[in-house]
Amino acid sequence: MMGTRSRGLAVSGSRGGSNPWFRGFAVSGSRGENTAQPRNRETPRPRPYADPYVAGTGLGLVLLAAFVIAGRGLGASGAFASGAAGVVAAASPARAAANPYFARYLAGDGPWHEWLLLEIAGVVIGGFLSALAAGRLRAAIERGPGIGRGSRLANAFAGGSAMGVGAVLARGCTSGLALTGGALLSAGSWLFMMAAFAGAYLVAPIVKRAWR
Amino acid sequence: MTDSLAVALVIGIAFGWTLERAGLGSAPKLAGQFYLTDFTVFKVMFSAIVTAMLGAFWLARLGVLDLSRVYMPETYLAPQLAGGLLFGAGFVIAGLCPGTSCVAAATGRGDGALVMLGMFCGVLVTGLAFAPLRRFYESTARGALTLPDLLHVPYGVVVAAVVAMALTAFQFAGRLERRA
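Values in this document were obtained by computation on a predicted structure and should not be read as measured data. (Residues numbered from 1 in each chain as written. Chains lettered and ligands numbered in written order. Predicted model: local features only at pLDDT ≥ 70, side-chain atom pairs only at ≥ 80, totals over all residues.)

(A) Geometry of the overall build of chain A. Along chain A, the regular secondary structure elements total 10 helices and zero strands. The order of helices and strands in chain A, counted from the N terminus, is α-α-α-α-α-α-α-α-α-α. Looking at chain A as a whole, 53% of its 212 residues qualify as buried. (Helix = DSSP H or I, 4+ residues; strand = E, 2+ residues; numbered from the N terminus. Buried ≥ 20, exposed ≤ 12 C-beta atoms within 10 Å, placed from the backbone.)

The following block contains the structure:
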């Protein structure tokens, strides 16, 4: 199903091929490779990822566009905070209004019209479209070779929770603080970035069995 | 939908597309950063920072962008140090960060959905238990402090230094990757 859909997008194959940015759009075998091999129609081979420097430069241009057009950078954890504020407000409006952390998201048009929430909805759509075009949509639980599915999901939840607490304390995450504030040379952003890398490298040996 | 929210959606689509292109919707690939086998996280992040930093600097110089109208994240030393350490620990355990977990989930990865759920619960519980944390949360406030302010060095000099550091680090990353 997904394979047929992604091939349906291959109309602009001529600009694919050598350009990693649009390689996902290339007609399979347009560069004359693997044409002799029979291809499985249901599971087309996923296209290789873009060069990290090309992708990073593209991401930088997206961030720059956000500065110029919207007067702010990118973000992710703020969308979770806004959603949490919306859930608390739905369950108990009085409690949400009395909470100094959630109350700020209830001002203006309310938590469901928050800029970052719409931006994250866009991230979901953009990620989906990119994977669709590149034949990378796949229902899976990605994990290291030495860990079971249950443990992987438990780790995903635990790690996510720790990031949630950390992002509240720091007032942002990899997107809103590290990336956005990093480019604007915010002192707190660079401190957060260095602390986050330090925390990750300190804990990496402890959780090595989950990944190696 | 207002114009501002439509802009948010379009910028988000471009953001999500770029992350997926780079392979940052795949947890084992991100985790490779912390075992020095795959430097994609570092390369993407720092080439993005350098690009946007140089763009913002030159557009401001040319008078196209008014930096005083771009939101600058505020500095709170102790909470950002502690929050950063905890965030980094969560990052290597989860294998994804909040933004990339959305891409992973959107492309069918169940682990990405669980990172999103964990992230949501972490924020929710911390927000509900905010009262005792508030003093720490608001401590060591430094306002919209920038590295040029902190170091008493001109903006352009810090920009050049970050570019030089990034280019040096990219060389090291390439060497370490070839060894791995």
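Right, picking up where we left off after that structure.
(B) Spotlight on the overall build of chain B. Across its full length, chain B holds nine helices and two strands. Taking the principal axes of its C-alpha atoms as reference, chain B extends roughly 50 × 45 × 40 Å. Counting all 180 residues of chain B, 52% fall into the buried class. Considering only contacts in chain B between residues 6 or more positions apart, those separated by 24 or more positions represent 60%. (Contact = placed C-beta atoms within 7 Å.)

(C) Representation of the interface of chain A and chain B in the model. Chain A puts 111 residues into the contact, and the matching count from chain B is 102 residues. Where the side of chain A that touches chain B is concerned, the elements lending two or more residues are helix H2 (52-70), helix H3 (77-91), helix H5 (100-106), helix H6 (115-133), helix H7 (149-170), helix H8 (174-183) and helix H9 (187-203) of chain A. Grouping the amino acids of the side of chain A that touches chain B by side-chain chemistry returns 71 nonpolar, 31 polar and nine charged. (Nonpolar A, V, L, I, M, F, W, Y, C, P; charged D, E, K, R; others polar.)

(D) View of H8 of chain A. Of all the 10 residues making up H8 of chain A, 10 are buried; the element is thus mostly covered by neighbouring parts of the structure. Looking at the packing, one finds that the buried side of H8 of chain A touches H2, H3, H7 and H9 of chain A together with helix H3 (40-61) and helix H5 (98-106) of chain B. Of the residues flanking the end of H8 of chain A, it is Leu185 of chain A, one or two places downstream, whose phi is positive at about 60°.

(E) Main features of the nonpolar core. Counting 115 residues, the largest nonpolar core has Leu63 of chain A together with Val92 of chain B as its most contacted members. Here this core gets 11 residues from one element, more than from any other, and that element is H3 of chain B. (Core = buried A, V, L, I, M, F, W, Y, C linked by C-beta atoms within 7 Å.)

(F) Representation of the environment of Asp38 of chain B. All names here are of chain B. For Asp38, the location among the structural elements is in the loop between helix H2 (27-31) and H3. In this structure Asp38 comes out as buried when scored by C-beta crowding, with 20 C-beta atoms within 10 Å. A C-alpha to C-alpha distance of 8.9 Å links Asp38 and Leu176, two positions 138 residues apart in sequence. Contact partners of Asp38, with chain neighbours within four places excluded, come to Lys29, Gly32 and Gln33.

(G) Summary view of unusual backbone geometry. The phi angle at Leu185 of chain A is positive, at roughly 60°, despite the residue not being glycine. Phi at Leu36 of chain B takes a positive value of approximately 60°, unusual for a residue other than glycine. Judged by local crowding, Leu36 of chain B falls into the partly exposed class, with 14 C-beta atoms found within 10 Å.

(H) Geometry of the packing of H3 of chain A against helix H6 (residues 110-128) of chain B. Between H3 of chain A and H6 of chain B, the least distance of the axes is 9 Å, while the angle of their chain directions is 60°. Accordingly, the angle class assigned to the pair H3 of chain A and H6 of chain B is oblique. As for how H3 of chain A packs across H6 of chain B, the hand of that crossing is right-handed. On H6 of chain B, the residues touching Ser77, Phe80, Ala81, Gly83, Ala84 and Val87 of chain A of H3 of chain A are Met119, Phe120, Val123, Leu124 and Gly127 of chain B. The residue inventory of the contact of H3 of chain A with H6 of chain B, partitioned by class, reads eight nonpolar, three polar and no charged. (Axes fitted to C-alpha atoms, helices over the stretch in contact; angles between N-to-C directions. Parallel < 35°, antiparallel > 145°, perpendicular 65-115°, else oblique. Left-handed = near helix turned anticlockwise from the far one by under 90°.)

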